[in-house]
Amino acid sequence: MKNKLLIIGASGHGKVVADIALKMNKWKSVAFLDDNENIESTMGIEVIGKSSEAVKYLKNSDIFVGVGNNNIREKIQRKLEAEGASIPIIIHPTSVIGNQVELSSGIVVMAGAVINCCSKIGKGCIINTGATIDHDNIIEEFVHISPGTHLAGTVRIGKSSWLGIGSIVNNNINITSNCKIGSGTVVVKNITEAGTYIGVPARRV
């Protein structure tokens, strides 16, 4: 871990990441990189350059990708990894992380989230505000678990999927990669085909 933290993305998601980072009190300074030249600072935190300039700061800074879009976040993080960047894990102090939980680089766990024992979260995931992930879950890389989403035990979520706000997944369910689960959707059986799912119970649209 390094003394400085750079967050790529100074919009909504990036601001929440910055807020959590400040509460962690692990870095002496926090700054943003953003491609919008009209943003000079946000939350009192300076924007010091564009995302493409991240490589200039690799020696002295941890770099975190504060972008909500799964595909864009993956593209940026993989490029940073190839350059040897130090990519931290951002965890809100009010979250609850159980024993034997595995967290990978580039994860953010937001306020009030719960990840229970023996779960494994892949790199670049967003575990958003108040989400709960019960025991023995496997969340693959670059997944977004939205606010208030609840996953029962032994659930597996495939890479780059997005679970909308307030969605619910029953125990022992597998959801394949590249799925979008709509807000308030309840998943009661395995989803094996990529696509968008809504409703109670979930149906493909």
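Residues numbered from 1 in each chain as written. Predicted model: local features only at pLDDT ≥ 70, side-chain atom pairs only at ≥ 80, totals over all residues. Heavy atoms only, no water.

With an unreviewed UniProt entry as reference, the protein chain is termed Acetyltransferase, source organism Peribacillus psychrosaccharolyticus.

Some remarks on the UniProt feature "site: Increases basicity of active site His" (unreviewed entry) in the protein chain
Inclusion rule: UniProt positions are given in the numbering used here, feature names are shortened, and annotations may be inferred rather than shown by experiment. Counting from the N terminus, the helices are DSSP H or I runs at least four residues long and the strands are E runs at least two residues long. Only protein chains enter the accessibility calculation, which uses a 1.4 Å probe; a residue is then buried when its area is under 20% of its type maximum, exposed when over 50%, and partly exposed in between.
In the numbering used here, UniProt assigns the "site: Increases basicity of active site His" (unreviewed entry) feature to Asp136. The residue aspartate 136 is located in the loop between strand 13 (132-133) and strand 14 (138-139) in this model. Aspartate 136 gets classed as partly exposed once you look at its relative accessible area, which sits at 36%.

Overview of the pairing of strand 23 (residues 195-198)
Each regular strand displays side chains that alternate between the two surfaces of the sheet. What counts is decided by this rule: Here a strand pair is declared whenever DSSP counts at least two bridges between the two strands.
Where strand 21 (residues 179-181) and strand 23 come together, three bridges link them in parallel fashion. Across the sheet, cysteine 179 pairs through a bridge with glycine 195, a residue of strand 23. Pairing of strand 23 with strand 24 (residues 203-204), which is carried by two bridges, proceeds in the antiparallel orientation. Bridge pairing in strand 24 places isoleucine 198 opposite arginine 203. Connecting strand 23 to the antiparallel partner strand 24 that follows it, the hairpin turn spans four residues, and glycine 199 within it adopts a positive phi of roughly 100°.

Some words on helix 2 (residues 70-82)
Heads up, the condition is: The span you would expect from a helix comes to 1.5 Å times its residue count less one. Each direction from the helix axis to a C-beta atom contributes to the arc, which is the arc of those directions. The contact definition used throughout considers only heavy atoms, calling two residues in contact when any of these lie within 4.5 Å. Here a polar contact is taken to be a pair of N or O atoms separated by no more than 3.5 Å, where protein atoms must pair a possible hydrogen donor with a possible acceptor and residues adjacent in sequence count only if both atoms sit in side chains.
Compared with an ideal rise of 1.5 Å per residue, which puts 13 residues at 18 Å, helix 2 spans 18 Å between its outermost C-alpha atoms and is within 8% of the ideal. Those residues of helix 2 not exposed but buried are Asn70, Arg73, Glu74, Gln77 and Leu80. Burial along helix 2 is one-sided: seen end-on, the buried residues are contained in an arc of 135°. Among the exposed residues of helix 2, those oriented more than 90 degrees off its buried face are Asn71, Lys75, Lys79 and Ala82. Next to the buried residues of helix 2 lie strand 1 (4-8), strand 5 (61-65), strand 12 (126-127), strand 15 (144-145) and strand 18 (162-163). Its side-chain oxygen at 3.0 Å from the backbone nitrogen of asparagine 71, asparagine 69 defines the N-terminal cap of helix 2.

Considerations on the sheet that holds strand 10 (residues 114-115)
Across the sheet, six strands lie side by side as 7-10-13-16-19-22; this open sheet has parallel pairing. Of all strands in the sheet, those with a lone pairing partner are strand 7 (96-97) and strand 22 (186-187), marking the two edges. Inspection of the sheet shows strand 10 paired to strand 13 by two bridges, in the parallel sense. Across the sheet, the residue bridging to valine 114 is threonine 132, located in strand 13.

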